[in-house]
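Examination of the molecular architecture
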Amino acid sequence: MDLSEEKMMALLQQAQQMEQALKQIEALSKAGGAGPQAEGDVEAILSRLHALEEEKANFDRMARRESAWAVRKAHSSDEVLGREDRDCGDSDWSWRSPRLQSLGLLLLACVANQACRALPFYLVDFGDGKAGQAMNQDLDFNSADYGFFATLCFSVPFTLTSLWAGVMADRMDRFQLTAFAGVAWSLSTAGMAVASSYGGLLLLRVALGLSQAATNPAALSLIAELFPDARATANSIFGLGIYLGGALASLGAFVDEQEGWRAACLVFGFFSVAASLPALTKRDEKQALVRRSTWPADDMDLQTRLASLPEAAATVWESSTEAVAPTGARWLLLASALRFSAGFAILVWLPSSVRATFPNDVEQFAIVNSLIKGFAGSISSISGGLAADALRSRGFGDRSAAWFCAASSILSAPLWYFTLADGFSFEVCMGFLCAEYLVAESWLGAAISALQGAVPADRRGTAQGVFSSLTALGQALPVGLGLLAPEDLTQGLQLSVSVCYCLSGLCFLIASSHLSQEVPQDER
C-alpha cells in the first residue's frame, strides 16, 4: 500500500470512529443521559467531520490527477522500453497486447450497440407488405409515428442520459459500465418481439436510448488512455462498430422476410448480450484508486435522495460545461452536431428515398447498402484515423485532425448531392453513395481525437458524454424532413445533407485555429 492509500485509510478510520462516537452521544441524549459536555463533544465531532470531508475532497482531486498521470507515465515507459517489448513479442499492436484486447472488446460492444439501434429502420414497410413481417403494419402505425419512434423517442433519453453517463465514466469501472449497459439495451431489443402496441414499442425505444448512452463516454475515454500515441487510429477502429453494426442491421431485413420482425428482434437481442458480456473480463485500472478512496455512503432515506436530485443534476451540468469550456472544443462540438444531422438524415430516410426512386431495386439496395456500410464505411473510418495520426506524428498536433475533418466534410457535399440526382441509374447512384461513404465516414476518429486533445485528460469522459448528447441536435433534421410531402422528401434530403456537410467543414476550420499545433511530449 503506498503513502496516498495509507493516508486515505487513516482518514476513513478517523471518520468512522467519530461517526460511532456521535451515534453514542445522540443515543445518550435521547435517553436523557447527556449534559452540556456531550453537546460540546457533538459540536467538536461535527467540526472535525466537516474538516475531514474537505480533506477527502482535496484527496479525491489529487488522486484523479495522479491516476491520469500514472496512466500517461506507464504508456511513456512502454514506448521507452519498446525494443525490449518487441524482443519479447509483445508490441503495442500485437494481438497479445492487453490494450488491443480491450479495444477489441469495446468494438464488439459497439457493433451490438449500433445493430440494435438501427434494426427497426429495416423492419418497417409503408408499401403493401403483409402484416406480421412489417412492424408498422402489425402494430398499426403510420410514417409520422415511425419518424417519432426512430428519432426523438430515442435521441431525447439518449441525450439526457449521455451527460450523466459521461460523469459516471469518470468515476466508475468503465468496462463494467459498458457490459451492464449492453445487457440493458439487449433486453430492450428482445423485448420488442413481444410488444403488442405502438405505445409499448415506444417505451422499449426509450429504454434503448437510456442504456446505449453509456457506451461512447466509457469506451472512448478508455481508448484515449490506452492509445495516447494513436488516438485517432484507435478511435477509428472503435468507430468500425457504426458501420459493421449498420451492415448487420441491414441484414435484419432478410430475417424479417423469412421469419418476421419479431424473430429478428429476438435474434439481435441474443447476439447483443453475447457481444456485451465479455467486457466484464477486463478491469479499469485508472478508476481502481478512485473507487478505493470513495467516502462511505451516508444512510439517506428515499425522500432525502429525491430532494438531492436537483443538486446532482446541477453538478452534472457544471461538470459538462467545464469539460467543454475551451473554445476549440465548442467549435468541434458544433461541427460534429452538423455532421450528426447529415448522418442521421441519411440513416433514417435514405431507404425510403431509394424505395420511391427505384421501386424495382429495393432488394438489391438492401444488399448493396449492407456492403457499402460494412466495407466502404469501415475502410473510410480506419483510413481517416491513420491519416489523422500520421499528420499528428509529423508535428502538426491536434489541429491536423480538425483540418482533416474539414476536408472530409467539404468533399462529401457534392458526392452526396449526386447520389440522389435526377436522371442517374440505380447503379450510378450507388456508385456515388459508395464514394460518399469512402470520403465522409473518415471524420469520426479524427474528430474525437481532436476533442480529446482539446479538453483536460481527467474530463475526457464527461466531454465524450457531451459529444454523444449532440445526437439530439442531429435528430432535428430527420424529424424536419418527415414533415415534408412525400414527393419533396428526396430533394429535401439531397439539399439539406449537402448544406450540413459544407457548414460542418467551415466549423472544423474555425476549430482548428484554436487547437494546439504541437504534440505533448508525453504522447510522442
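Being a predicted model, the structure only gives us computed values, none of them experimental.

Thresholds applied
Residues numbered from 1 in each chain as written. Predicted model: local features only at pLDDT ≥ 70, side-chain atom pairs only at ≥ 80, totals over all residues. Heavy atoms only, no water. Helix = DSSP H or I, 4+ residues; strand = E, 2+ residues; numbered from the N terminus. Buried < 20%, exposed > 50% of the residue type's maximum accessible area, 1.4 Å probe, protein only. Contact = heavy atoms within 4.5 Å. Areas by Shrake-Rupley, 256 points an atom, 1.4 Å probe, with all protein chains shown as cover. Expected span 1.5 Å × (residues − 1). Bend = angle between axes of the 7 residues up to and from the residue. 1 Å grid on protein atoms, 1.4 Å probe; cavity = no way out; pocket = protein on both sides within 12 Å on 5 of 7 lines; lining within 4 Å. Points joined across faces, edges and corners; volume = space filled by probe spheres on them. Core = buried A, V, L, I, M, F, W, Y, C linked by side-chain atoms within 4.5 Å. Phe/Tyr/Trp six-rings, centres within 6.5 Å; stacked < 30°, edge-to-face > 60°. Lys NZ or Arg CZ within 6 Å of the ring centre and 35° of its normal. Arc of directions from axis to C-beta. Polar contact = N/O pair within 3.5 Å; in protein donor to acceptor, adjacent residues only side chain to side chain. pLDDT = per-residue confidence, 0-100. Patch = residues over 30% accessible without salt bridge, like charges linked within 9 Å, V, L, I, M, F, W, Y side chains within 5 Å. Salt bridge = Lys/Arg side-chain N within 4 Å of Asp/Glu carboxyl O. UniProt positions renumbered as here; feature names shortened; annotations may be inferred. Nonpolar A, V, L, I, M, F, W, Y, C, P; charged D, E, K, R; others polar.

A count of helices and strands for the protein gives 24 helices and zero strands. Buried residues in the protein amount to 52% of all 524 residues. Pairs at least 24 residues apart make up 83% of the contacts formed inside the protein by residues separated by at least 6 positions. As displayed, the protein offers around 23600 Å² of accessible surface, 62% of which is attributable to carbon and sulfur atoms.

Attention shifts here to helix α16 (residues 327–357). Compared with the 45 Å implied by 1.5 Å per residue over 31 residues, the 43 Å span of α16 between its first and last C-alpha is a close match. At Trp349, α16 shows its strongest bend, of approximately 50 degrees, with the proline Pro351 following within four residues.

Bringing the layout of surface pockets into the picture now. Here the second largest pocket is characterised by a volume of approximately 1100 Å³. Lining the second largest pocket are 42 residues, with Val124, Asp125, Phe126, Arg355 and Val362 positioned closest to its centre. Of all elements in the fold, only α6 (143–150), α11 (231–259), α16, α17 (362–396) and α24 (486–512) reach the threshold of two or more residues within the lining of the second largest pocket. Among the elements that line the lining of the second largest pocket, the one with the most residues is α16, at eight residues.

This brings us to the nonpolar core. Met135 and Trp416 are the most contacted members of the largest nonpolar core, which totals 54 residues. Beyond its immediate sequence surroundings of up to four residues, Trp416 is in contact with Ile346, Leu350, Leu433, Glu436, Leu493, Gln494, Val497, Ser498 and Tyr501.

Under the counting rule described, the total for this entry stands at 13 aromatic pairs. Taking the centre distance of 6.0 Å and the plane angle of 85 degrees together, the rings of Tyr417 and Phe418 count as edge-to-face. Residue class for Tyr417 comes out partly exposed when judged on its relative accessible area of 36%. The ring of Phe149 carries Arg205 above its face, with NZ or CZ at 5.3 Å from the centroid.

Moving on, we come to α6. Regarding α6, the residues found buried are Tyr146, Gly147, Phe149 and Ala150. Down the axis, α6 shows its buried residues gathered within 165 degrees of arc, on one side only. Where α6 is buried, its residues contact α5 (135–139), α7 (152–169), α9 (198–212) and α16. The opening residue of α6, the one whose side-chain oxygen lies 2.8 Å from the backbone nitrogen of Asp145, is Asn142.

Our next topic: the environment of Ser513. Within the fold, Ser513 resides in the segment after α24. Classification of Ser513 as partly exposed rests on a relative accessible area of 48%. Within the structure, Ser513 has its side chain in polar contact with the backbone oxygen of Ile510 (distance 2.6 Å).

The next subject is the confidence of the model for the protein. Taken residue by residue, the protein gives an average pLDDT of 78. The fraction at 70 or more is 73%. Across the protein, the element-wise mean pLDDT spans from 38 in helix α3 (residues 82–87) up to 95 in helix α19 (residues 426–440). Per-residue pLDDT stays below 50 along residues 289–302; that stretch engages in 26 contacts with residues further than four places along the chain or on separate chains. Note that residues 519–524 has pLDDT below 50 and, in this model, 14 contacts with residues that lie over four places away or in other chains.

Next up on the list: the side chain of Ser504. As for its position among the elements, Ser504 is in helix α24. If near-sequence neighbours (up to four positions away) are discounted, Ser504 is found in contact with Ala335, Leu338, Arg339 and Ser409.

This part covers a nonpolar patch on the surface. Residues Leu248, Leu251, Phe254, Ile367, Leu371, Phe375, Ile379 and Leu438 make up a contiguous nonpolar surface patch of about 720 Å² in total accessible area. Per-element accounting of the nonpolar patch gives the leading share, four residues, to α17. Ile367 gets classed as partly exposed once you look at its relative accessible area, which sits at 44%.

A few words on the UniProt feature "transmembrane region" (unreviewed entry) in the protein. The UniProt feature table records "transmembrane region" (unreviewed entry) at residues 144–165, 177–196, 236–255, 261–281, 331–350, 370–388 and 400–418. Overall, residues 261–281 shows 76% helix and 0% strand. The separation of its end C-alpha atoms is 33 Å. With 100% helix and 0% strand, residues 331–350 has its two end C-alpha atoms placed 28 Å apart.

What follows deals with empty space enclosed by the protein. Counting across every chain of the model gives five cavities of 30 Å³ or more. The calculated volume of the largest cavity comes to roughly 670 Å³. What lines the largest cavity is a set of 34 residues, and nearest its centre among them are Gln114, Ile242, Phe340, Phe344 and Glu441. Split into classes, the residues belonging to the lining of the largest cavity amount to 17 nonpolar, twelve polar and five charged.

To continue, consider the pattern of salt bridges. All told, the structure shown has two salt bridges when counted by the stated rule. Note that Asp138 and Arg262 form a salt bridge whose closest N and O atoms lie 3.2 Å from each other. Taken as a pair, Asp138 in helix α5 and Arg262 in helix α12 (residues 261–276) lie far apart in primary sequence, 124 residues in all. Residue Asp138 is classed as partly exposed on the basis of its relative accessible area of 30%.

Moving on: the environment of Ala263. Residue placement: Ala263 occurs in helix α12. For Ala263, a relative accessible area of 23% gives the class partly exposed. Spatially, the C-alpha atom of Ala263 lies 9.7 Å from that of Met192, the residues being 71 residues apart in sequence.

What follows deals with unusual backbone geometry. Among all residues save glycine, negative phi is the norm, and among peptide bonds the norm is trans. Phi at Asp140 is positive, roughly 60 degrees, even though this residue is not glycine. Mapped onto the secondary structure, Asp140 falls in the loop between α5 and α6.

In this fold, Ser102 is placed in helix α4 (residues 98–118). For Ser102, a relative accessible area of 5% corresponds to the buried category. When near neighbours in sequence (up to four residues on either side) are disregarded, Ser102 contacts Phe175, Leu226 and Lys282.

Relative to the elements of secondary structure, Gln494 occurs in helix α24. As a C-alpha pair, Gln494 and Leu420 span 74 residues in sequence and 6.1 Å in three-dimensional space. Not counting chain neighbours up to four residues away, the residues in contact with Gln494 comprise Trp416, Tyr417, Leu420 and Ala421.

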